[in-house]
Amino acid sequence: MLRLAIQKSGRLSEDSLNLIRECGISFLSASYKLKTEATNFPLEILYLRDDDIPGYVQDGVADLGIVGQNVLVEAGFPALEVEGLGFSKCRLSLAVPRAASYDSVQDLQGVNIATSYPQILGAYLTERGVKANLHTISGSVEIAPSIGLAEAICDIVSSGSTLLGNGLREVETVFRSEAVLIANQNLSAEKKELLEQLQFRMQAVRRARR
Ligand code: PRT
Ligand code: ZN
């Protein structure tokens, strides 16, 4: 039996569940449940916080997971990625107050930047020779400049309306992300075979959607 971890409730949940159902896999889901077993495929689904999924798959508590690449790379396990799933597309971007002057990333030298992605942002800045002060906060990153916590932010953007609503403008794209299927790297031969069957179905679903 394969164990697949998906987000319990959030932006990835519905698309993850729909993808599994469209693969012809049936299961009962109830919002209070933390796991369910499929009735017609050897699959158990675990419902978790998205941040916990990469670690659980790395440790083998779950065999597979569906998570945003942003969370996967930030957690430090990019090698777990098996394939992109084409939904929950977004980008991790740097933004500054609308009126602030900004020409290039070099302008961030010595600047205070609030983010929930210190690893990805740190690597991006280091590569460009920029030394900034990163302030790691777990949510509401966009309000940091208006409350005097930071002069710039780095956060997930999709439509851009949250930045706009907080008087910020996007100045650099740091990372592009989508939902990805991840797998533990030491699966048994039986589990690998099941993973291949599942991937085959997922690819068929994606081709049919186009
Ligand atoms: O509770 P749990 O920890 O499981 O969930 P979470 O709150 O950490 O994550 P969730 O559900 O918000 O997002 C899950 C994943 O969806 C993220 O890791 C991304 O891979 C992806 N995703 C896609 C997004 C967005 N789009 C998105 N717009 N994640 C967050 N946002 C937020 C962003 O943080 C910002 O506050 O939406 C706001 C910006 O949206 P726009 O449209 O105004 O630009
Ligand atoms: Zn989360």
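- The chain goes by ATP phosphoribosyltransferase in an unreviewed UniProt entry, where it is assigned to Hymenobacter perfusus.
- Annotation of the chain in UniProt includes, under Catalytic activity (unreviewed entry), the sentence "1-(5-phospho-beta-D-ribosyl)-ATP + diphosphate = 5-phospho-alpha-D-ribose 1-diphosphate + ATP".

## Things to note about the sheet that holds strand β3 (residues 43-48)
Consideration 1: In space, the 6 strands of this open sheet follow the order β2-β3-β1-β4-β11-β5, with mixed pairing throughout. At either end of the open sheet lies a strand with only one pairing partner, and these are β2 (35-37) and β5 (81-84). Between one strand axis and the next, the sheet turns by 25° as a mean value, whatever way the strands run.
Consideration 2: The sheet strands contacting helix α1 (residues 13-22) are β1 (2-7), β4 (64-68) and β11 (179-183), and the helix crosses β1 at an angle near 145°.
Consideration 3: This element, helix α6 (residues 189-209), spans β1, β4, β5 and β11 of the sheet and lies at about 50° to β1.

## Details of the domain arrangement of the chain
Consideration 1: Taken domain by domain, the chain comprises domain 1 (2-88 + 178-209) and domain 2 (90-177).
Consideration 2: Placing the centre of domain 1 and that of domain 2 at their C-alpha centroids yields a distance of 30 Å.
Consideration 3: Residue contributions to the side of domain 1 that touches domain 2 peak at 4 residues, all from helix α3 (residues 69-75).
Consideration 4: In the side of domain 1 that touches domain 2, the residues fall into 1 nonpolar, 5 polar and 2 charged.

## Digging into unusual backbone geometry
Consideration 1: Unusually for a residue other than glycine, Ser88 sits at a positive phi of about 55°.
Consideration 2: Not every positive phi belongs to a glycine, and Ser140 is a case in point at roughly 50°.
Consideration 3: Of note, Ser140 is situated in the loop between β8 (133-136) and β9 (152-157).
Consideration 4: What makes Ser140 exposed here is the crowd of 12 C-beta atoms within 10 Å.

## Overview of the pairing of strand β7 (residues 112-115)
Consideration 1: Bridge count for β7 against β8 is 4 bridges, and the pairing is parallel. Looking across to β8, one finds that Ile113 is bridged to Leu134.

## Some remarks on the site of ligand 1
Consideration 1: Gly10, Gly68, Cys90, Ser159 and Thr162 are the nearest of the 21 residues found near ligand 1.
Consideration 2: Sorting the residues of the shell around ligand 1 by element identifies α3, β9 and α5 (161-165) as the ones contributing at least two each.
Consideration 3: With 3 residues, the single largest contributor to the shell around ligand 1 is β9.
Consideration 4: Partitioning the shell around ligand 1 into residue classes produces 5 nonpolar, 11 polar and 5 charged.
Consideration 5: Summarising the domain contributions, the shell around ligand 1 has at least three residues from each of domain 1 (2-88 + 178-209) and domain 2 (90-177).

Quick notes on the rules
Residues numbered from 1 in each chain as written. Chains lettered and ligands numbered in written order. Predicted model: local features only at pLDDT ≥ 70, side-chain atom pairs only at ≥ 80, totals over all residues. UniProt positions renumbered as here; feature names shortened; annotations may be inferred. Pairing = 2+ DSSP bridges. Helix = DSSP H or I, 4+ residues; strand = E, 2+ residues; numbered from the N terminus. Axes fitted to C-alpha atoms, helices over the stretch in contact; angles between N-to-C directions. Contact = placed C-beta atoms within 7 Å. Domains from an automatic or database assignment. Nonpolar A, V, L, I, M, F, W, Y, C, P; charged D, E, K, R; others polar. Buried ≥ 20, exposed ≤ 12 C-beta atoms within 10 Å, placed from the backbone. Near = placed C-beta within 6 Å.

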